[in-house]
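As a plain string of letters, each chain reads:
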Amino acid sequence: MKPREGHLALAFLAMIATIACTASALTFDPRKVATYLMMGLTFSLTSIIVYCRKMEFLASSATHTSLLAVITGLMLESLTGVQYPIWSLLIGLLIIYMAGVLIRRGLDPNSTSAIIVASTSAFSVIGGYLLITFFPVSYNLNSLFLGDPLLLSSRDKVLVSLITLTVSIIFIFSIQEILSIGIDEVSVKLLGLKTGVYDTLTYTIIGLTSIGLLRVSGYILQHVLILLPAITASFYSNSGREFILYSVTLSLFSCSVGFLLSLYFNLSPTGLTGVVLVVFMINGVFRRWV
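**Topic: helix H7 (residues 154–183)**
The periodicity of an α-helix, 3.6 residues per turn, causes residues three or four places apart in sequence to face the same way.
Phase 1 of the analysis: Its 30 residues give H7 an end-to-end C-alpha distance of 41 Å, which sits within 8% of 44 Å, the value for a rise of 1.5 Å per residue.
Phase 2 of the analysis: Of all the bends in H7, the greatest measures close to 65 degrees and is centred on Ser 174.

Structure, rendered in structure tokens:
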């Protein structure tokens, strides 16, 4: 896509997204609309880092980790009184950091991902059974799988806001170094950059996004929201700056349009958001290869 065409396309998508957001806010609770858009922004920033660091394997396994972390957090909240988001983030980040340590110690990333997915999936099933059977938790487990952005509590809104702020700050102050490591890690190490620090920041972003936003996005669609924005943007962009702009704009556009369509057709907002992203991805594939 030529630069002028790319700028026009970005402007058009931004305009449509603004109109859709305004219509949704006038129809529904503006705070929930804003929370859903913050989710889209956070996933787009995480998707950029995942794509550039070639960590799709870790992002996929982090989604499985998040389910186990939230289920365990709900059980611990019932036992201790400490709110489940705190337990969930502690447990989930610990597992993701452990995966990072294994990778740095030389274990194949695909093998690490397989280990994490297999173990967390098995324990998630056991934990879900125990939670339903033995714990008096007034929590709709369906929201963990399908997402529930229309029925968010005040606690959920605060959590999403804090995660969006944290991820945005880390992204702004570390994106240049993280992208440099993704392009040529050996040369970056020779220049004296402490890659371990930025690896930890990358794992932290993936963990915060996948675990903290599980209630909003849902387990099923989280794979789409964390992987597709950057992959789709790569089909339309010709530079690093365009790549970032397209990733963020496409994600916000998909969230705003998906949310608006869900209000009119009584369907899942996350599901419709995923459909919009998939349509853009398919169009990008045809533009690039056909």
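**Details of unusual backbone geometry**
Phase 1 of the analysis: Phi at Lys 54 is positive, roughly 55 degrees, even though this residue is not glycine.
Phase 2 of the analysis: Relative to the helices and strands, Lys 54 resides in the loop between helix H2 (30–52) and helix H3 (56–80).

**So, the environment of Leu 250**
Phase 1 of the analysis: Looking at the secondary structure, you find Leu 250 in helix H12 (residues 240–265).
Phase 2 of the analysis: Separated by 213 residues in sequence, Leu 250 and Leu 37 have C-alpha atoms that sit 12 Å apart.
Phase 3 of the analysis: Apart from residues no more than four positions distant in its own chain, Leu 250 is found in contact with Leu 13, Thr 232, Ala 233, Tyr 236, Leu 277 and Phe 280.

**Notes on the pattern of salt bridges**
Phase 1 of the analysis: The final tally for this structure, using the stated rule, is five salt bridges.
Phase 2 of the analysis: Two residues, Arg 104 and Asp 199, come together in a salt bridge whose shortest N-O distance is 2.6 Å. Here Asp 199 lies in helix H9 (residues 195–212) and Arg 104 lies in helix H4 (residues 84–104), a separation of 95 residues in the sequence.
Phase 3 of the analysis: Given the relative accessible area of 4%, Asp 199 is considered buried.
Phase 4 of the analysis: Salt-bridge contacts for Lys 189 lead to Glu 185; the nearest nitrogen and oxygen are separated by 3.6 Å. Of this pair, Lys 189 and Glu 185 both sit in helix H8 (residues 185–190), separated by four residues, roughly a single helical turn.
Phase 5 of the analysis: Exposure remark for Glu 185: the relative accessible area of 29% places this residue in the partly exposed category.

Parameters at a glance
Residues numbered from 1 in each chain as written. Predicted model: local features only at pLDDT ≥ 70, side-chain atom pairs only at ≥ 80, totals over all residues. Heavy atoms only, no water. Helix = DSSP H or I, 4+ residues; strand = E, 2+ residues; numbered from the N terminus. Expected span 1.5 Å × (residues − 1). Bend = angle between axes of the 7 residues up to and from the residue. Contact = heavy atoms within 4.5 Å. Salt bridge = Lys/Arg side-chain N within 4 Å of Asp/Glu carboxyl O. Buried < 20%, exposed > 50% of the residue type's maximum accessible area, 1.4 Å probe, protein only.

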